[in-house]
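One-letter residues, chain by chain:
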Amino acid sequence: MIGDRRSQPNDPPPDLAIETDVTSKTTLDAYEAIGVPELWVYDNGNLSIYLLRDGKYIKSNSSPNFEDIAITQIISIAVERSWQVGSFQALKELEAMI
C-alpha cells in the first residue's frame, strides 16, 4: 500500500505477490494464510501463476490482472534478455512488447 513500508496484521492482503527469492523460498501455504489472491513464482527461468480458490492455490496459465497479456512467456523472455543487454534495455523492450 502506498506509503507503507511494512504490512501490519490488520492490513488487507496484496492483490498480487511475486516470489523470486532463489535462496529461501516462501511456501505457498504462507501466501494462502494471508489470502493473497494471485501469486507469481519465478524459478529457474520460468514464471508460474497461482490463483487462490477456496483457500488453496491452483496453477493457472494466465493472470486475471493481465488477461490480454501472455505474462508467463513475456516475463521469462524479459528476465533472460536482461542478462544479455542489461535491465534498462530489457525493460524498454518489455514496454514495447506490451
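It should be emphasised that the depicted structure is a prediction, and the values quoted were computed from it without experimental measurement.

## Looking at a nonpolar patch on the surface
On the surface, a nonpolar cluster with roughly 300 Å² of combined accessible area is contributed by Ile77, Met97 and Ile98. Mapped onto the fold, isoleucine 77 is located in helix H2 (residues 71-85). On the accessibility criterion, isoleucine 77 (47% relative accessible area) is partly exposed.

## Quick look at the environment of phenylalanine 88
Inspection of the secondary structure assignment puts phenylalanine 88 in helix H3 (residues 87-97). For phenylalanine 88, a relative accessible area of 64% puts it in the exposed group. Along the primary structure phenylalanine 88 and tryptophan 40 are separated by 48 residues, whereas in three dimensions their C-alpha atoms are 22 Å apart.

## Quick word on the pairing of strand S1 (residues 16-19)
Because side chains alternate across S1, one face comprises the buried residues Ala17 and Glu19, and the other comprises Leu16 and Ile18, none of which is buried. Where S1 and strand S2 (residues 38-43) come together, 4 bridges link them in parallel fashion. Residue pairing across strands places alanine 17 opposite leucine 39, the latter belonging to S2. Once you follow S1 into helix H1 (residues 28-34) and on to S2, the crossover reads as right-handed.

## Considerations on H2
Spanning 15 residues, H2 covers 20 Å between terminal C-alpha atoms, matching the ideal 21 Å at 1.5 Å per step. All of the buried residues along H2 are Ile71, Thr72, Ile74, Ile75, Ser76 and Ala78. If you follow the buried residues of H2, they end up packed against S2, strand S3 (46-53) and H3. A positive backbone phi angle near 95° is found at glycine 86, which sits one or two residues after H2.

## With respect to the side chain of threonine 72
Here threonine 72 is to be found in helix H2. Here the side chain of threonine 72 touches glutamine 73 through a polar contact of 3.4 Å, side chain to side chain.

## Thoughts on the nonpolar core
Among the nonpolar cores identified, the biggest contains 8 residues, and these are Ala17, Tyr31, Val36, Leu39, Val41, Tyr50, Leu52 and Tyr57. When contributions to this core are tallied by element, the ones reaching two or more residues are S2 and S3. In contact with valine 36, other than residues within four places in its own chain, are Pro13, Pro14, Leu16, Ala17, Tyr31, Leu52 and Tyr57. Listed in part, the 7 residues of the second largest apolar core include Tyr42, Leu47, Leu51 and Ile75.

Conventions adopted
Residue positions are given per chain, counting from 1 as you read along its sequence in written order. Whole-chain, interface and lining totals are the exception, using all residues; otherwise, since this is a predicted model, local features are given only for residues with pLDDT of at least 70 and side-chain atom pairs are given and counted only at 80 or more. Processing note: side-chain calculations cover all non-hydrogen atoms of the structure and skip hydrogens and water entirely. Patch membership is restricted to residues that have no salt bridge and whose relative accessible area is over 30%. Joining uses 9 Å for like charges and 5 Å for the nonpolar side chains Val, Leu, Ile, Met, Phe, Trp and Tyr. Working definition of accessibility: Shrake-Rupley area with a 1.4 Å probe, residue cover restricted to the visible protein chains. For salt bridges, the criterion is a side-chain nitrogen of Lys or Arg within 4 Å of an Asp or Glu carboxyl oxygen. Comment: elements are numbered from the N terminus, with helices defined as DSSP H or I runs of at least four residues and strands as E runs of at least two. Any residue under 20% of the maximum accessible area for its type is buried, any over 50% is exposed, and the rest in between are partly exposed; the area is computed with a 1.4 Å probe on protein chains only. Any two strands with at least two DSSP bridges between them are considered paired. Note on handedness: a clockwise path from strand one over the helix to strand two, with the strands aimed away from the viewer, defines a right-handed crossover. One fewer than the residue count of a helix, multiplied by 1.5 Å, yields its expected span. Contacts are assigned to residue pairs with any non-hydrogen atoms lying within 4.5 Å of each other. As used in this structure description, the phrase polar contact means that two N or O atoms lie within 3.5 Å; if the pair is within protein, one of them must be able to donate a hydrogen and the other to accept it, and residues adjacent in sequence are counted only when both atoms belong to side chains. Residue types Ala, Val, Leu, Ile, Met, Phe, Trp, Tyr and Cys, when buried and joined through side-chain atoms within 4.5 Å, form a set referred to as a nonpolar core.

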